[in-house]
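What follows is the residue order along each chain.
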Amino acid sequence: MMKLFAAAHRLLRIFFILIRYRLDDLIFDLPMPFWLRSMGYLLPWRWLPRHKSTHSRGARLRLALEGLGPIFIKFGQILSTRRDLLPTDIADELALLQDKVPPFESERAVALVEQQLDAKVGDIFAWFDTKPLASASVAQVHAARLHTGEEVVVKVIRPGLKSIIDQDLAWLYLLARIAEAASSEARRLHLVEVVDDYAKTIHDELDLLREAANSSQLRRNFEHSELLYVPQVYWDYCRPQVLVMERIYGIPVTDLSALAAQNTDMRLLAERGVEIFFTQVFRDSFFHADMHPGNIFVSTQTPHAPQYIAIDCGIVGSLTPEDQDYLARNLIAFFKRDYRKVAQLHIDSGWIPAETKVNEFEAAIRTVCEPIFEKPLKDISFGQLLLRLFQVARRFNMEVQPQLVLLQKTLLNIEGLGRQLYPELDLWRTGRPYLERWMCERMGPKHLVNTLQVQLEQVPRVAGMARSLLEHLARNAAEQGRPAHRVQPRSSALLSWVGILLLIGGSMQASLYLEAAQLFSLTAWSSWLMLGAGLCILVGRR
Ligand SMILES: Nc1ncnc2c1ncn2[C@@H]1O[C@H](COP(=O)(O)OP(=O)(O)OP(=O)(O)O)[C@@H](O)[C@H]1O
């Protein structure tokens, strides 16, 4: 009964806020069937004289989401990063959403810590600051000190958040479904899919063990690195709703005057940001995907300063080797303005349906990308380029690739941040060596051996299949009274399978190499590689 009452109360609130900010006008402005639009005139308040709102449609949407509370605010923040779906004026306005949430009482934080760790706060910590260090929509952070002397922070999930999220998500789904049923524009925006994405993200953020594990992994990936420091997680004190980690002291990356006061080399700092991104994406295939400025600090006191410090690893992205491969090839094809290749890669990778007309897709990509390439290379935004590509690909029914959306969003963040620190930052020149190195590794002898090893591991399976096929053919031949000697001997079949596998491996290496070689200047080292790839094909063919 209470639940029903709460749900009805929430529905009324949503309804009033929608009306207050004239979102009904916005909804009925969407393309929709005539009969549905006529229903709008059945709503009594739409007959009343209403003065025109002074706010733009984006501002009204932002104000409404702010009025609906933290879960809707966070949804708006996530929506603002989906520039592949939203009109720019709305995305810009949603990016201004701030989740300034009042802190919850420290007694509740202490009670939750004690319940989760099954011990008194005084027994766990030598000191626990009851005044929160920071408070956001999902969690609150308190400073503390362990009995062993380490300074830590304790992140605690807002009590009772799960049920609020579930209820708000249910309303969000309902609103998205209604919008999709009513309007083709809403269907084009894939609203239900966006809510799905959000539901996953917000549920992930509720599990602090997940965040702790991501932090540990990122810390390990950058151990002894002069580029990035990730605070240590104290696993003994981590639970699903409590995370204890090393306290860091750094300058917020947006505090340009504090960075300047420390004589920070801004160019180096900006370039290191790009280097971290490429290293995470191509070397580790594990990237921090919530790189908003509030989560990035700079240490100017270490011997290798400036060094980045990253916190809040709740959202991370990861690419499969195939995605890495297609991404690298796409970037290379892009910078060669080989739009045909970009289109073909999208189809080969399965990102867009196989029946897509390559010519049409190619023409659409050319139309949006040519103006971008009018600019000097240093002014081109990688993030914008990917974004434009996704927008086009969407029109050609590209399936949402959450890992690529995360990547594109992170790239935009990194670029924005880098250019804020050092406006002359040339992303392509800075990022190219990492892409080049990765390509070389992919084509290097070690990778070739690995590829062949993987392919050779398949030989017994393939040989087994070949054997069953031969036996089947022999049986058939015997049944039909034909002589069995027409069937190939077993060993020769096996050899031809190995040959085919080698050929495929060799050609794959060579084609990837040739793409890279056309883009990057040919060095002596890479010429040897090319020769190797050629030999590989020859060996394969024999
Ligand atoms: N290890 C740390 N050392 C020092 N301060 C920290 C640390 N971790 C978090 N903080 C402080 O707490 C704030 C909030 O932390 P965090 O970003 O992890 O929380 P959140 O609830 O996920 O916030 P949001 O979702 O808005 O990013 C940070 O901006 C920072 O000021």
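Please read these numbers as outputs of a predicted model, since none were measured by experiment.

## Describing the nonpolar core
Here's step 1: Formed by 73 residues in total, the largest nonpolar core has its most connected members in Leu228, Tyr308, Phe334, Ile365 and Leu421.
Here's step 2: One finds Tyr21, Val153, Leu191 and Cys238 within the second-largest nonpolar core, a separate group that totals 47 residues.

## Focus on the site of the ligand
Here's step 1: Taken together, 17 residues surround the ligand, and among them Lys155, Glu246, Ile248, Asn295 and Asp312 come closest.
Here's step 2: Within the contact set of the ligand, a nitrogen atom lies 2.9 Å away from a backbone nitrogen or oxygen of Glu246.
Here's step 3: Between the ligand and the protein, one listed contact pairs a nitrogen atom with a backbone N or O atom of Ile248 at 2.9 Å.
Here's step 4: When isolated, the ligand has an accessible area of 620 Å², and the protein chains bury 84% of it.
Here's step 5: Elements with a minimum of two residues in the shell around the ligand: β3 (139-146), β4 (151-157) and β6 (242-246).
Here's step 6: A per-class count over the shell around the ligand returns nine nonpolar, three polar and five charged.

## Focus on the packing of helix α16 (residues 339-348) against helix α17 (residues 358-369)
Here's step 1: In contact at an axis separation of 8 Å, α16 and α17 are set at 125° when each is read in the N-to-C sense. Relative to α17, the element α16 lies oblique. Once α16 is placed against α17, the crossing between them reads as right-handed. Contact with α16, carried on its side by Tyr339, Arg340, Val342, Ala343, Gln344, His346 and Ile347, involves Val358, Asn359, Phe361, Glu362, Ile365, Arg366 and Cys369 of α17 and no other residues of that element.

## A word on the UniProt feature "binding site: ATP" (unreviewed entry) in the protein
Here's step 1: When the UniProt feature table is mapped onto this chain numbering, "binding site: ATP" (unreviewed entry) sits at Leu133, Ala134, Ser135, Ala136, Ser137, Val138, Ala139, Gln140, Val141 and Lys155. Across 23 residues of sequence, these annotated residues stay compact in space, with a maximum C-alpha separation of 14.3 Å.
Here's step 2: With respect to the helices and strands, the residue Ala134 is situated in strand β2 (residues 134-135).
Here's step 3: Since its relative accessible area comes to 42%, Ala134 is described here as partly exposed.
Here's step 4: Sequence-distant contacts of Ala134, that is, excluding residues within four places in its chain, are made with Gln140 and Val141.
Here's step 5: Its relative accessible area of 12% is what places Lys155 among the buried residues.
Here's step 6: If near-sequence neighbours (up to four positions away) are discounted, Lys155 is found in contact with Ala139, Gln140, Val141, Leu208, Glu211, Gln241, Val242, Leu243 and Asp312.
Here's step 7: A polar contact of 3.1 Å, which involves the side chain of Lys155, links it to the side chain of Glu211.

How each quantity is defined
- Residues take numbers from 1 onward in each chain, read along the sequence in its written order.
- Predicted model: local features are reported for residues with pLDDT of at least 70 only, side-chain atom pairs are reported and counted for 80 or more only, and whole-chain, interface and lining totals are derived from all residues.
- For the side-chain quantities, the full set of heavy atoms in the structure was used; hydrogens and water were omitted.
- Joining through side-chain atoms within 4.5 Å is the link that ties buried Ala, Val, Leu, Ile, Met, Phe, Trp, Tyr and Cys residues into a set, and such a set is a nonpolar core.
- Residue burial is assigned from relative accessible area. The probe radius is 1.4 Å, only protein chains are included, and a residue is buried under 20% of its type maximum, exposed over 50%, and partly exposed in between.
- The near set for a molecule or strand comprises every residue that places at least one heavy atom within 4 Å of it.
- The term polar contact refers here to a pair of N or O atoms within 3.5 Å; inside protein, the definition further demands a hydrogen-donor-capable atom paired with an acceptor-capable atom, and it admits residues adjacent in sequence only when both atoms are side-chain atoms.
- Residue exposure ignores everything except the shown protein chains as possible cover, and the areas themselves are Shrake-Rupley values with a 1.4 Å probe.
- Runs of E in the DSSP output that reach at least two residues are strands. Runs of H or I that reach at least four are helices, and both are numbered from the N terminus.
- Only Asp, Glu, Lys and Arg are considered charged, only Ala, Val, Leu, Ile, Met, Phe, Trp, Tyr, Cys and Pro nonpolar, and every remaining residue, Gly among them, polar.
- The axes used here are C-alpha line fits, helices contributing only the stretch in contact, and every angle between their N-to-C directions lies in the interval 0 to 180 degrees.
- These descriptions rest on fixed angle ranges, namely under 35 degrees for roughly parallel, over 145 for roughly antiparallel, 65 to 115 for roughly perpendicular, and the rest for oblique.
- Throughout, a crossing is termed right-handed when the near helix is turned clockwise from the far one, and left-handed when it is turned anticlockwise from it by less than a right angle.
- Note on contacts: a residue pair qualifies if any of its non-hydrogen atoms lie within 4.5 Å across the two residues.
- UniProt positions are given in the numbering used here, feature names are shortened, and annotations may be inferred rather than shown by experiment.

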